[in-house]
Amino acid sequence: MTGTPAGQDRGIHVSGHGTFTGNAQTGDHSSASFTGGAEPADAGESAEIVRLREAVEALRARIRDLAPDELSAAEGTAAESALAEVEDALPDGSEAGQGRVRNAFFTVSGALASVASLAESVRVLRDAAAPWF
């Protein structure tokens, strides 16, 4: 962390593929920390679960990059809710989880079907979700 002498301009620079969420404060006594990258995968998670989690995060990133006129707020909310459902359904691999992953994928693909620029990301998600079909 570096400091800026009192009275000089202060700013925040964010680079890379991350996002900034929360309050940004500057001042003589302010501080910030950064944690980058995805959460490390649980050592007990299979390669299929890790692959699906990565596909979910990649699709979220693509959705964030869309222009406001490419995806309605309702479609975006439905897609985000379904992506969260995919993640919530994963850890135990039970039949109920399998059905939840499948249903959530169908919700995501339905919400995003009209967005041509997301077709490749949705295909990657479908391929990653294949073990749960």
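None of the values given here were measured: they were computed from a predicted structure.

Rules used throughout
Residues numbered from 1 in each chain as written. Predicted model: local features only at pLDDT ≥ 70, side-chain atom pairs only at ≥ 80, totals over all residues. Heavy atoms only, no water. Helix = DSSP H or I, 4+ residues; strand = E, 2+ residues; numbered from the N terminus. Buried < 20%, exposed > 50% of the residue type's maximum accessible area, 1.4 Å probe, protein only. Areas by Shrake-Rupley, 256 points an atom, 1.4 Å probe, with all protein chains shown as cover. Phe/Tyr/Trp six-rings, centres within 6.5 Å; stacked < 30°, edge-to-face > 60°.

Peer 1: Sorry if this is basic, but what is going on with the overall build of the protein chain here?
Peer 2: Per the secondary structure count, the protein chain includes four helices and zero strands. N-terminal to C-terminal, the α/β element order of the protein chain is α-α-α-α. Counting over 133 residues, the protein chain shows a buried share of 25%. When the accessible area of the protein chain is evaluated, it comes to approximately 9,000 Å², of which 50% is carbon and sulfur surface.

Peer 1: Help me understand the packing of aromatic side chains, please; the structure alone is not making it clear to me.
Peer 2: In this description, a pair of aromatic rings is defined by centroid distance and the angle of the planes. Counted under the stated rule, the structure contains three aromatic pairs. Ring geometry for Phe106 and Phe133: centres 5.6 Å apart, planes at 75°, overall edge-to-face. Of this pair, Phe106 sits in helix α3 (residues 95-112) while Phe133 sits in the segment after α4 (119-129), and the two are 27 residues apart along the sequence. Taken together, Phe105, Phe106 and Phe133 form an aromatic cluster joined through their ring pairs.

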